[in-house]
Amino acid sequence: MADEQVQGTRRGPGRPRQEHVTRAVLDAVVDLVAAEGMSALTMDAVATRAGVSKPAMYRRWPTKQDLLIAATESRIGSLNVPDMEDFRAELRAVLTARMEAYRQPGIARLVAGVIGSAAEEGAEPSAYRAYTARVTSETRHLLERGVARGDVRADVDVAAATTLVASSLLFRMIGELRLPDGAFVESVVELIGRAVCVQP
């Protein structure tokens, strides 16, 4: 019993500290990019802003690409849309959630940085592909659920449709330098719905 108590007192404080370091670093990345742009994003600058050591950062994120992806996902997050028995309503929920995330300060720069870092020498393509797969997973799920439910055409190319949905907001934000809004979301829902839904 004494050993268990000692182990408990040793382990307990470590976990909150680890979570604190992770949160501080990811917040520092987002704040730094929002305030000064991608050119200011270095491991030294992030460590200073977060008040942590570089070794602590490198243990969690071995590369700048890893750090960018983690920071981006901390703001965009995963989605879980319930079955609304209506593909358009479900798609609207996904696009609205992404739109709201993309409109946060610094996120446009951060997402552009993630895409750019994937093209840099020494970048790991599989890390970027895994990131995009996670970000688009709920859209793929909605399409597959719609096919099974019968309101999305069975012959729809799910991979291509997923790309169209995801790229619509991204290109508006990064390619056109315009933040997506509710009207844009409704247009995309209508266009994608016409393309993939079973017509009455």
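Residues numbered from 1 in each chain as written. Predicted model: local features only at pLDDT ≥ 70, side-chain atom pairs only at ≥ 80, totals over all residues. Heavy atoms only, no water.

**Q** Can you help me understand helix α8 (residues 125-149) in this one?
**A** In an α-helix, one full turn covers 3.6 residues, which means residues spaced three or four apart are oriented alike. The terminal C-alpha atoms of α8, which comprises 25 residues, lie 35 Å apart, in line with the 36 Å expected from a rise of 1.5 Å per residue. At T136, α8 shows its maximal bend, which comes to roughly 50 degrees. All buried positions along α8 are accounted for by A127, Y131, V135, T136, E138, T139, L142, L143, R145 and G146. For α8, the elements touching its buried residues are α5 (64-76), α6 (87-102), α7 (107-118), α9 (158-175) and α10 (182-196). Once α8 finishes, G150 follows within two positions and takes phi at roughly 105 degrees, a positive value. (Helix = DSSP H or I, 4+ residues; strand = E, 2+ residues; numbered from the N terminus. Expected span 1.5 Å × (residues − 1). Bend = angle between axes of the 7 residues up to and from the residue. Buried < 20%, exposed > 50% of the residue type's maximum accessible area, 1.4 Å probe, protein only. Contact = heavy atoms within 4.5 Å.)

**Q** Sorry, what's going on with the environment of A40 here?
**A** As for its placement among the helices and strands, A40 is situated in the loop between α2 (14-36) and α3 (43-50). Sequence separation between A40 and V29 is 11 residues; the distance between their C-alpha atoms is 9.8 Å. If near-sequence neighbours (up to four positions away) are discounted, A40 is found in contact with L32 and A45.

**Q** It is not clear to me how the side chain of R145 should be interpreted in this structure. Could you clarify?
**A** With respect to the element layout, R145 can be found in helix α8. Residue classification places R145 among the buried residues on the basis of a relative accessible area of 16%. A distance of 3.5 Å separates a polar atom in the side chain of R145 from a polar atom in the side chain of E90. Apart from the residues within four sequence positions on either side, R145 is in contact with V81, P82, D83 and E90. (Polar contact = N/O pair within 3.5 Å; in protein donor to acceptor, adjacent residues only side chain to side chain.)

**Q** Which parts of the structure should I look at to understand the packing of aromatic side chains?
**A** For any pair of aromatic rings, the description rests on two quantities: the centre-to-centre distance and the angle between the ring planes. Scanning the model with the defined rule gives one aromatic pair in all. Both rings, one in Y128 and one in Y131, keep their centres 6.0 Å apart while their planes meet at 45 degrees; by these two values the pair is tilted. Of this pair, Y128 and Y131 both sit in helix α8, three residues apart, which is roughly one turn of the helix. (Phe/Tyr/Trp six-rings, centres within 6.5 Å; stacked < 30°, edge-to-face > 60°.)

**Q** When you look at the layout of surface pockets in this model, what are you seeing that I'm missing?
**A** Over the atoms, a rolling probe the size of a water molecule traces out where space has been left empty. Within this model, the largest pocket holds a volume of roughly 210 Å³. The wall of the largest pocket is formed by 16 residues, among which Y102, V135, T136, A166 and L170 lie closest to the centre. Within the residue set of the lining of the largest pocket, elements represented by two or more residues are α6, α7, α8 and α9. Element by element, the count of residues in the lining of the largest pocket is highest for α8, at six residues. Partitioned by chemical class, the residues of the lining of the largest pocket number 12 nonpolar, three polar and one charged. (1 Å grid on protein atoms, 1.4 Å probe; cavity = no way out; pocket = protein on both sides within 12 Å on 5 of 7 lines; lining within 4 Å. Points joined across faces, edges and corners; volume = space filled by probe spheres on them. Nonpolar A, V, L, I, M, F, W, Y, C, P; charged D, E, K, R; others polar.)

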